[in-house]
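# Geometric and topological summary
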Amino acid sequence: MQTTGETVPDPDPPAPHRPRVVLAMDGRETAGVFTPRTLARLHELADVRPGVLGAFTGPDADAALASAEVLLTGWGCPRIDGTVLDRAPGLRAILHTAGTVKTFLDREVLARGVRISTAAAANAIPVAEYTLAAIVFGAKRAFALAHGYARTGRKRDLSGVAWLGTHGLTVGVVGASRIGRLVIDRLRTLDADVLVHDPYLDPGEARRLRAEPVGLDELCRRSHVVTLHAPDVPSTRRLIDRRRLGLMRDGTLIVNTARGSLIEEAALLDELASGRLDAVLDVTDPEPLPPRSPLFELPNVLVTPHIAGALGNEQARLGALAVAELARYAAGEPLAYEVLARDWEKIA
């Protein structure tokens, strides 16, 4: 074919279509997750079914699922499995306004070609902030010293303290997850050396993070602080067992914002009750703890009720991220935070 030498312009990209969106979550969560600005953007992008599905039962749910192209899900979403998918023949994407999707999604969803996105990246920010605060307060022995001050009235009673303060700390990060990487980044504000253990982390990537990759036993031996950011999968359960707790130096601070199942509970309690180790635990096993758990009474332990993740005004990030993903979906663009089948077994 003869050419004229003229440049032929590319055809205009297709205009974004307006997907039919159904919200499925605990209706009490929507006000925190969706600010007025985010809601306005949502309605600008999509045809949104009025109301929120808190259950997939009854004629109303049948009608909603039958029309849904996108489910916008959140905390309290009912379980989505093959039976639900059969009732939603037009479903193409599930955009989750929280972190883990494994609590409510069956893996069959991926097998059927439904795309999944999660706001875990937004939820990671407050967890990393909490972790850094826990490390600073824990290294300062704030909890034990405050308890002693209230009991004796003596300030700065440092008797029996193994070490104190953040200067020159070695912090061991278990899991180079989204949260783990944010924690490593925030640790740069401290005068600390950072070790990292993650079987999936390339050593070159660890160096780019400015962390030293090491085996888990070495991390336990060398660290003043051990902070956990690994997923709850079969290979990580009881990852920090009695033997590895025993490798830790006297006074080691353990921070757990991941899952309680990563630590052998009875062994941890023994070490904490002896006073040899300290801990900040935002998650426990079991969760919640029984009311008379000794963990609540130990002066060297702070237990918080799973508050590290997004709460209050922090939730607005979750809705904004999910709606930004919806904009990409509607425009036919790749999702920025897609959950892929190949990663299913190693994600939280």
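Scroll up to find the structure this text is about.
Predicted, not measured: the structure shown is a model, and the values here were computed from it.

Rules behind the numbers
Residues numbered from 1 in each chain as written. Predicted model: local features only at pLDDT ≥ 70, side-chain atom pairs only at ≥ 80, totals over all residues. Heavy atoms only, no water. Helix = DSSP H or I, 4+ residues; strand = E, 2+ residues; numbered from the N terminus. Phe/Tyr/Trp six-rings, centres within 6.5 Å; stacked < 30°, edge-to-face > 60°. Lys NZ or Arg CZ within 6 Å of the ring centre and 35° of its normal. Buried < 20%, exposed > 50% of the residue type's maximum accessible area, 1.4 Å probe, protein only. Pairing = 2+ DSSP bridges. Right-handed = clockwise from strand over helix to strand, strands pointing away. Core = buried A, V, L, I, M, F, W, Y, C linked by side-chain atoms within 4.5 Å. Contact = heavy atoms within 4.5 Å.

Now for unusual backbone geometry. Residue Pro286 is bonded to the preceding Asp285 through a cis peptide linkage, with omega at 5 degrees. Within the element layout of this structure, Pro286 appears in the loop between strand E11 (278–281) and strand E12 (301–303). The peptide bond linking Glu287 to Pro288 adopts the cis configuration, its omega dihedral lying at 0 degrees. Here Pro288 is to be found in the loop between E11 and E12. One non-glycine residue, Arg210, lies in positive phi territory at about 65 degrees.

In this section: the packing of aromatic side chains. Using the criterion set out here, one finds one aromatic pair in the structure. When the ring centre of Tyr200 is taken as reference, the NZ or CZ atom of Lys346 above it lies at 4.8 Å.

A few words on the pairing of strand E9 (residues 225–228). One face of the sheet, then the other: side chains in a regular strand alternate in exactly this way. The two faces of E9 match: Val225 and Thr227 on one face and Val226 and Leu228 on the other face are all buried. When strand E6 (residues 169–174) meets E9, the two strands line up parallel, connected through four bridges. Among the inter-strand pairings, Gly172 is bridged to a residue of E9, identified as Val226. Of the pairings in the sheet, the one linking E9 to strand E10 (residues 253–256) comprises four bridges and is parallel in character. Opposite Val226, over in E10, you have Ile254 as the bridge partner. As a crossover connection, the stretch from E9 through helix H11 (residues 242–247) into E10 is right-handed.

Another aspect to go through is the sheet that holds strand E4 (residues 93–96). Here six strands make up an open sheet; going across it, the order is E2-E1-E3-E4-E5-E13 and the pairing mixed. Each edge of the open sheet is held by one strand with a lone partner, namely strand E2 (47–53) and strand E13 (338–339). Pairing analysis gives four bridges linking strand E3 (residues 70–73) to E4, with the strands arranged parallel. Residue pairing in the sheet places Leu71 in a bridge with Ile94 of E4.

To continue, consider the sheet that holds strand E7 (residues 192–197). Adjacent strands of a sheet form backbone hydrogen bonds with each other and so pair up, either parallel or antiparallel. In space, the seven strands of this open sheet follow the order E8-E7-E6-E9-E10-E11-E12, with parallel pairing throughout. If you trace the sheet from one side to the other, it starts and ends with strand E8 (212–213) and E12, each paired once.

Of all hydrophobic cores here, the largest spans 28 residues; its most connected members are Ile135, Leu169, Val171, Leu187 and Val225. Counting residues per element, the ones that place at least two in this core are helix H6 (120–139), E6, helix H8 (178–186), E7 and E10. Leave out the neighbours within four places in its chain, and Val171 touches Ile135, Leu187, Ala192, Asp193, Val194, Leu195, Ser223, Val225 and Thr227. Counting 27 residues, the second-largest nonpolar core is a separate cluster that includes Ile240, Ala258, Ala267 and Leu268.

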